[in-house]
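Summary of the model geometry
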Amino acid sequence: YYAWDGNGRIKIGFSANPWSRVKEMRCANPSIEVLITERTDDGYELERKRHEEFKEYHLALEWFRTGGRLLDHVNALRIGAGRGSSVSCQPSLYRL
């Protein structure tokens, strides 16, 4: 999943239930929202792949700064959501 913290950072993580995971994180940051999820049979491998793919934006742990290719990737996933893709989008959020 990709989560937005409201302060220019995106979390790339893995969870069987990303909405529940983000709800837990709201204790520390009430602004955090799930942007989009990617379905896969191997969440750990996809997470590792995405962390490697966007390593130039890496800040700490699973957090990445918003920008460039990462932002383009998230927006492309969000645009494709609902068109037979393997992603699920949080519709209430605006384009980043």
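Let me sum up the structure you'll find in this document. Every chain is numbered independently, its residues counted from 1 as its sequence is written. Note on the predicted model: pLDDT of at least 70 is required for a residue's local features to be given, and 80 or more for side-chain atom pairs to be given and counted; whole-chain, interface and lining totals, by contrast, use all residues. Neither water nor hydrogens contribute to the side-chain values; these are computed over all heavy atoms in the structure.

Considering the overall build of the protein chain
Quick note on the threshold: Counting from the N terminus, the helices are DSSP H or I runs at least four residues long and the strands are E runs at least two residues long. Accessible area is worked out with a 1.4 Å probe on protein chains only. A residue is then buried under 20% of its type maximum, exposed over 50%, and partly exposed in between. Contacts are assigned to residue pairs with any non-hydrogen atoms lying within 4.5 Å of each other.
On a plain count of helices and strands, the protein chain comes out with three helices and six strands. What you see in the protein chain, going N to C, is helices and strands ordered as β-β-α-β-α-β-β-α-β. A total of 96 residues make up the protein chain; the buried ones form 42% of that total. The long-range share in the protein chain, meaning contacts at least 24 apart out of those at least 6 apart in sequence, stands at 57%.

With respect to the pattern of salt bridges
To be explicit about the condition: Salt bridges are defined by distance alone: a side-chain nitrogen of Lys or Arg within 4 Å of a carboxyl oxygen of Asp or Glu.
Scanning all chains against the criterion turns up nine salt bridges. Measuring nitrogen to oxygen at the nearest pair gives 3.0 Å for the salt bridge that ties Glu56 to Arg69. One end of the pair, Glu56, is in the loop between α2 (43–53) and β4 (58–60); the other, Arg69, is in helix α3 (residues 68–80), with 13 residues separating them in the sequence. A network of salt bridges, in which partner residues are shared, links Glu38, Arg50 and Glu53.

Considering the packing of aromatic side chains
This is how it is decided: Stacked, edge-to-face and tilted labels apply to pairs of Phe, Tyr and Trp rings (six-membered ring for Trp) whose centres lie within 6.5 Å, assigned for plane angles under 30 degrees, over 60, and everything in between, in that order. When the NZ atom of lysine or the CZ atom of arginine is within 6 Å of a ring's centre and also within 35 degrees of its normal, the charge is said to sit over that ring.
Scanning all chains against the criterion turns up one aromatic pair. In this structure, Arg9 packs its charged tip against the face of Trp63, placed 4.7 Å from the ring centre.

Observations concerning the pairing of strand β3 (residues 33–38)
Every regular strand shows the same layout, with side chains that alternate between the two sheet faces. The line we're drawing: When DSSP finds two or more bridges between a pair of strands, those strands are recorded as paired.
Of all the six residues making up β3, five are buried; the element is thus mostly covered by neighbouring parts of the structure. Both strand β1 (residues 2–4) and β3 contribute to a ladder of three bridges, which runs antiparallel. Within β3, the residue paired with Tyr2 across the bridge is Ile36.

Brief notes about the pairing of strand β2 (residues 9–12)
Pairing of β1 with β2, which is carried by three bridges, proceeds in the antiparallel orientation. Its bridge partner being in β2, Trp4 is matched across the sheet by Ile10. For β2 and strand β5 (residues 63–65), the ladder comprises three bridges, and the chain directions are antiparallel. Looking at β5, one finds that Lys11 is bridged to Trp63.

A closer look at α2
Selection rule: Of all possible arcs, the one meant is that of the directions from the helix axis to the C-beta atoms.
Every buried residue of α2 is listed here: Gly43, Leu46, Glu47, Arg50 and His51. The buried side chains of α2 occupy one side of the element, clustering within an arc of 135 degrees when seen end-on. Tucked inside the fold, the buried residues of α2 contact β1, β2, β3, β5 and α3.

Any functional reading would require information beyond the geometric quantities listed.
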